[in-house]
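Overview (structure and organization)
The primary structure of each chain is shown beneath.
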Amino acid sequence: IGEKGLDLIKKSESFSPVPYLCPAKKWTIGYGHVILPGEVFTSINEEEAELLLKKDVAKAEACVNREVK
């Protein structure tokens, strides 16, 4: 994904430096990162949140690339 795509996600998700319970009742932080078992966050900055976002997007991209021919 390019910078424009990341910017679109950031605008859609907005940034939260602290964990919050999203509408799906999952603990979330940053730009919509669902906190996984074993992850512990009290707060993060925007740089850390962007790294999490890029990791999350990479997982989604890999799934799409694997399943869509």
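As a convention, each chain's residues are numbered from 1 in the sequence order in which they are written. Per-residue local features are limited, in this predicted model, to residues with pLDDT of at least 70; the limit for side-chain atom pairs, both in listing and counting, is 80 or more; totals at the level of whole chains, interfaces and linings are taken over all residues. Note that the side-chain values use all heavy atoms of the structure and ignore hydrogens as well as water.

Once that is clear, we can look at the sheet that holds strand β1 (residues 16-21). If you trace the three strands from one edge of the open sheet to the other, you get β1-β2-β3, paired in antiparallel fashion. Looking at which strands have only one partner, the edges of the open sheet turn out to be β1 and β3 (33-34). Strand pairing is defined by DSSP finding a minimum of two bridges between the two strands. Under the DSSP-based scheme used, a helix requires at least four consecutive residues in state H or I and a strand at least two consecutive residues in state E, with every element numbered from the N terminus. Sheet topology places β1 next to strand β2 (residues 27-30); three bridges connect them, and they run antiparallel. The residue of β2 that forms the bridge with Tyr20 is Thr28.

Nonpolar cores were defined as sets of buried Ala, Val, Leu, Ile, Met, Phe, Trp, Tyr and Cys residues, with membership established by side-chain atoms within 4.5 Å. Exposure is judged per residue with a 1.4 Å probe applied to protein chains only, and the accessible area is read against the type maximum: over 50% gives exposed, under 20% gives buried, and values in between give partly exposed. In this structure, Leu6, Ile29, Tyr31, Ile35, Ile44, Ala49, Leu52, Leu53 and Val57 together form the largest nonpolar core, which totals nine residues. Residues within four places of Ile29 in sequence aside, it is in contact with Ser16, Pro17, Val18, Pro19, Tyr20, Ile35, Phe41, Ser43, Ile44 and Leu52. Residue contacts are counted whenever heavy atoms from the two residues lie within 4.5 Å of one another.

At their nearest, the axes of helix α1 (residues 3-13) and helix α2 (residues 46-67) sit 11 Å apart, and the two run at 110° to each other. Put simply, α1 runs roughly perpendicular to α2. For the pair α1 and α2, the contacting residues are Glu3, Leu6, Ile9 and Lys10 in the first and Glu50, Leu53, Lys54 and Val57 in the second. Under the scheme applied, nonpolar residues are Ala, Val, Leu, Ile, Met, Phe, Trp, Tyr, Cys and Pro; charged residues are Asp, Glu, Lys and Arg; polar residues are all the others, including Gly. Among the residues making up the contact of α1 with α2, the classes are represented as four nonpolar, no polar and four charged. Convention adopted: a line fitted to C-alpha atoms gives each axis, helices being fitted over their contacting stretch, and angles between N-to-C directions are expressed from 0 to 180 degrees. Here the angle decides the label: under 35 degrees means roughly parallel, over 145 means roughly antiparallel, 65 to 115 means roughly perpendicular, and every other value means oblique.

Turning to the pairing of β2, a few remarks are in order. Pairing analysis gives two bridges linking β2 to β3, with the strands arranged antiparallel. Its bridge partner being in β3, Thr28 is matched across the sheet by Val34. Between β2 and β3, which pair antiparallel one after the other, the connecting turn spans two residues, and Gly32 there sits at a positive phi close to 85°.

On to the environment of Pro23, then. Structurally, Pro23 can be placed in the loop between β1 and β2. The exposure class assigned to Pro23 is exposed, which follows from its relative accessible area of 80%. A C-alpha to C-alpha distance of 26 Å links Pro23 and Ala62, two positions 39 residues apart in sequence.

One non-glycine residue with positive phi stands out, namely Ser14, at about 60°. Looking at the element boundaries, Ser14 is found in the loop between α1 and β1. Of note in this structure, Lys25 is not a glycine but carries a positive phi near 65°.

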